[in-house]
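# Observations on the three-dimensional arrangement
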Amino acid sequence: MKLDGYETLIKNISIDLMHYLIQQGADRELAEDVIQDVFVKILEMDIILPPNDIRPYMYRMARNQYFDRYRHQARFKKNSCNYI
């Protein structure tokens, strides 16, 4: 597979991921941050995943990263309420 085609595939999946994260409750800014991080990580990998494997891998990465950020924000809000 040509690298240009690989980047196009990743870009198209990223658009789908954006909609998925927003449907899961992420605001647009958070979804964009998560997608950007996933996009960069995929491009920095030493291996090129086959087209059949890239979509589930990106969804798993995005979902995990979204949950991590959600937990971090919840923990931050909980801790900041103790100081008021």
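These numbers were taken from a predicted model, which means no experiment stands behind them. (Residues numbered from 1 in each chain as written. Predicted model: local features only at pLDDT ≥ 70, side-chain atom pairs only at ≥ 80, totals over all residues. Heavy atoms only, no water.)

### Details of the overall build of the chain
When you go through the chain residue by residue, the secondary structure sums to three helices and zero strands. Listed N to C, the secondary structure of the chain is α-α-α in terms of helices and strands. Buried residues in the chain amount to 25% of all 84 residues. Considering only contacts in the chain between residues 6 or more positions apart, those separated by 24 or more positions represent 70%. Working note: accessible area of the chain is about 6,200 Å², and carbon and sulfur atoms make up 52% of it. (Helix = DSSP H or I, 4+ residues; strand = E, 2+ residues; numbered from the N terminus. Buried < 20%, exposed > 50% of the residue type's maximum accessible area, 1.4 Å probe, protein only. Contact = heavy atoms within 4.5 Å. Areas by Shrake-Rupley, 256 points an atom, 1.4 Å probe, with all protein chains shown as cover.)

### Brief notes about the pattern of salt bridges
Counted according to the given criterion, the structure contains five salt bridges. With its nearest N and O atoms 3.9 Å apart, the salt bridge here joins Arg 69 to Asp 33. Within this pair, whereas Arg 69 is found in helix 3 (residues 51-81), its partner Asp 33 is found in helix 2 (residues 28-44), the two being separated by 36 residues in sequence. Classification of Arg 69 by relative accessible area gives partly exposed; the value is 25%. By relative accessible area, Asp 33 is classed as partly exposed at 30%. (Salt bridge = Lys/Arg side-chain N within 4 Å of Asp/Glu carboxyl O.)

### Re the packing of aromatic side chains
This model, assessed by the stated rule, comprises three aromatic pairs. Seen from their ring centres, Tyr 66 and Tyr 70 are 6.3 Å apart, and the 45 degrees between their planes marks the pair as tilted. With Tyr 66 and Tyr 70 both in helix 3 and four residues apart, this pair spans about one turn of that helix. Using a relative accessible area of 7% as the deciding quantity, one classes Tyr 66 as buried. Ring pairs connect the aromatic residues Tyr 66, Phe 67 and Tyr 70, which therefore count as one cluster. (Phe/Tyr/Trp six-rings, centres within 6.5 Å; stacked < 30°, edge-to-face > 60°.)

### Considering the nonpolar core
Ranked by size, the top nonpolar core spans 19 residues in total, and within it Leu 21, Val 38, Ile 42, Ile 54 and Met 58 carry the most contacts. Contributing elements (two or more residues each) for this core: helix 1 (3-23), helix 2 and helix 3. Aside from chain neighbours lying at most four places away, what touches Ile 42 is Tyr 6, Ile 10, Ile 54, Tyr 57, Met 58 and Met 61. (Core = buried A, V, L, I, M, F, W, Y, C linked by side-chain atoms within 4.5 Å.)

### Concerning the side chain of Gln 65
Mapped onto the secondary structure, Gln 65 falls in helix 3. What makes Gln 65 buried here is its relative accessible area of 14%. Among all residues touching Gln 65, those that are not within four sequence positions of it are Val 34, Asp 37, Val 38 and Lys 41.

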